[in-house]
Amino acid sequence: MGAAESKPIEEPPPPQYDQPWRSTPWGKRENLRKDLKGFQVSNPNIKHVRILLAGEVGAGKSSFINSINSAFQGRITGDALVDATSGTTFTKTYRTYYIRGEEHTDILPFVFNDFMGLEAQDSRGAHTEDIVKALQGLLKEGCKLTPSPVSGEDTAYRSDPSLQDQTYCLVYIMAADNVSRMNPDVIKKMKNIRASASELDIPQVVIMTRVDEACPLVNKHLRRVYTSKKIKEKMQECSNLLGVPMNYIFPVKNYHEEIDTDDDTDVLILRALTQIVQTANDKLVRSL
Ligand SMILES: Nc1nc2c(ncn2[C@@H]2O[C@H](COP(=O)(O)OP(=O)(O)O)[C@@H](O)[C@H]2O)c(=O)[nH]1
Ligand SMILES: [Mg+2]
């Protein structure tokens, strides 16, 4: 067989872009930290901007809160307990997570509420109506979230929420390695929540976790997060599923097995947090 007859071997398309398609302030961890610590809430009556996290069990909600706290403290912390085994939790306490600075006494001006998992059937996961109540500040601190929704007569229900109790940004947590396999019922639930949040004029952001699990290139070097075609594809999938535009989607790697913090991991986390906090503050300014 002559050389002319042999078919050229088709090269697989390169899995990377030549240039990152979004800029990232690598190596600027201190600046990001400093800016976030010095962040001024645009309303003097609000000490902490409230951010609500929602997503499936195992998406990385608790890990995201822990990673933020770790990025500020310069060491791995685990206040928001991470479930080592993924299962459905039936009962969960609705509580606020505060982020502390290095000095440990300074509480930063943004707080998180981590909702129980959005499992497929209402009997197993968080109720859409409870999440909508949480967005409006109607759920009391420490109340128990159970398979049945919180009702008006319940002691868990707050009838007169202050500005401080309300949510200023809703963050969907989605695992990059699971986006394609998400349960359609969960997606439907997220869309319903999105519709209610939009009606309440609450901005929404997607944090796409587990980028290290979704792309081997990124697993090796986190700085490839915006050159990896795979990651961009996954972000696009999140965008299509929920209808959240790409510029409100942020890929991160959470701390999960590390015992020390790492500059690049912190930068990606802090950059995402900066966007969340600014988006939340914009909402706050609108409601003044
Ligand atoms: N490799 C990797 N694992 C992660 C990441 N984020 C979370 N995990 C792991 O995924 C599992 C579920 O995380 P968890 O925070 O408990 O999810 P939650 O149910 O949404 O609170 C845990 O085993 C975490 O250690 C990540 O970015 N990369
Ligand atoms: Mg959790």
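Residues numbered from 1 in each chain as written. Chains lettered and ligands numbered in written order. Predicted model: local features only at pLDDT ≥ 70, side-chain atom pairs only at ≥ 80, totals over all residues. Heavy atoms only, no water.

Enquirer: Break down the overall build of the protein for me, citing the residues and quoting the values.
Expert: Each helix and strand counted, the protein has eight helices and eight strands in total. Buried positions account for 50% of the 288 residues belonging to the protein. Summarising the internal contacts of the protein: among those between residues at least 6 apart in sequence, 73% fall at separations of at least 24. Summed over all atoms, the accessible surface of the protein reaches about 14,100 Å², with 48% contributed by carbon and sulfur. (Helix = DSSP H or I, 4+ residues; strand = E, 2+ residues; numbered from the N terminus. Buried < 20%, exposed > 50% of the residue type's maximum accessible area, 1.4 Å probe, protein only. Contact = heavy atoms within 4.5 Å. Areas by Shrake-Rupley, 256 points an atom, 1.4 Å probe, with all protein chains shown as cover.)

Enquirer: Before we move on, can you summarise the site of ligand 1 with the specific residues and values?
Expert: Looking at ligand 1, there are 16 residues lining it, with Gly58, Lys61, Ser63, Asp212 and Asn254 nearest. The contact in question runs from an oxygen atom of ligand 1 to an N or O atom on the backbone of Gly58, over 2.7 Å. A distance of 2.7 Å separates a nitrogen atom of ligand 1 from a polar atom in the side chain of Asp212. Mapped onto the shell around ligand 1, the elements with two or more residues apiece are helix 2 (61-73) and helix 5 (211-214). With three residues, helix 2 is the single largest residue contributor to the shell around ligand 1. Classifying every residue of the shell around ligand 1 gives three nonpolar, six polar and seven charged. (Near = heavy atom within 4 Å. Polar contact = N/O pair within 3.5 Å; in protein donor to acceptor, adjacent residues only side chain to side chain. Nonpolar A, V, L, I, M, F, W, Y, C, P; charged D, E, K, R; others polar.)

Enquirer: An account of the pattern of salt bridges is needed here, citing residue identities and associated values.
Expert: If the charged atoms of two oppositely charged side chains come close together, the side chains can form a pair. Counted by the stated rule, this structure contains 12 salt bridges. Between Lys253 and Glu258 there is a salt bridge, with the nearest N and O atoms lying 2.8 Å from each other. Beyond isolated ion pairs, a larger network of salt bridges with shared partners links Arg29, Glu30, Arg33, Asp263 and Asp266. (Salt bridge = Lys/Arg side-chain N within 4 Å of Asp/Glu carboxyl O.)

Enquirer: Tell me what's going on with the sheet that holds strand 3 (residues 96-100), and back it up with residues and numbers.
Expert: On the basis of which strands lie adjacent, the open sheet formed by six strands has the order 3-4-1-6-7-8 and mixed pairing. Each end of this open sheet is capped by a strand with a single partner; those strands are strand 3 and strand 8 (249-251). Strand-to-strand twist of the sheet, defined as the mean angle between neighbouring strand axes without regard to direction, takes the value 30°. Sheet analysis places strand 3 next to strand 4 (residues 107-114), joined by four bridges and oriented antiparallel. From the neighbouring strand, Tyr98 faces strand 4, where its bridge partner is Val111. (Pairing = 2+ DSSP bridges. Axes fitted to C-alpha atoms, helices over the stretch in contact; angles between N-to-C directions.)

Enquirer: Quick rundown of the packing of helix 3 (residues 128-136) against helix 4 (residues 184-199)? Include the residues and the values.
Expert: Taken N-terminus to C-terminus, the directions of helix 3 and helix 4 make an angle of 30°; their axes are 10 Å apart at the nearest point. As far as their axial angle goes, helix 4 and helix 3 are roughly parallel. Judged by the twist between their axes, the crossing of helix 3 over helix 4 is right-handed. Contact with helix 3, carried on its side by Thr128, Ile131, Val132 and Leu135, involves Lys189, Asn192, Ile193, Ser196 and Ala197 of helix 4 and no other residues of that element. (Parallel < 35°, antiparallel > 145°, perpendicular 65-115°, else oblique. Left-handed = near helix turned anticlockwise from the far one by under 90°.)

Enquirer: A description of unusual backbone geometry should follow, citing residues and the corresponding values.
Expert: Positive phi is not limited to glycine here, since Asp201 has a value of about 60°. Note on placement: Asp201 falls in the loop between helix 4 and strand 7 (204-209). Not every positive phi belongs to a glycine, and Arg210 is a case in point at roughly 55°. Locating Arg210 in the fold gives a position in the loop between strand 7 and helix 5. Using a relative accessible area of 33% as the deciding quantity, one classes Arg210 as partly exposed.

Function-wise, these values are silent; they only describe arrangement.
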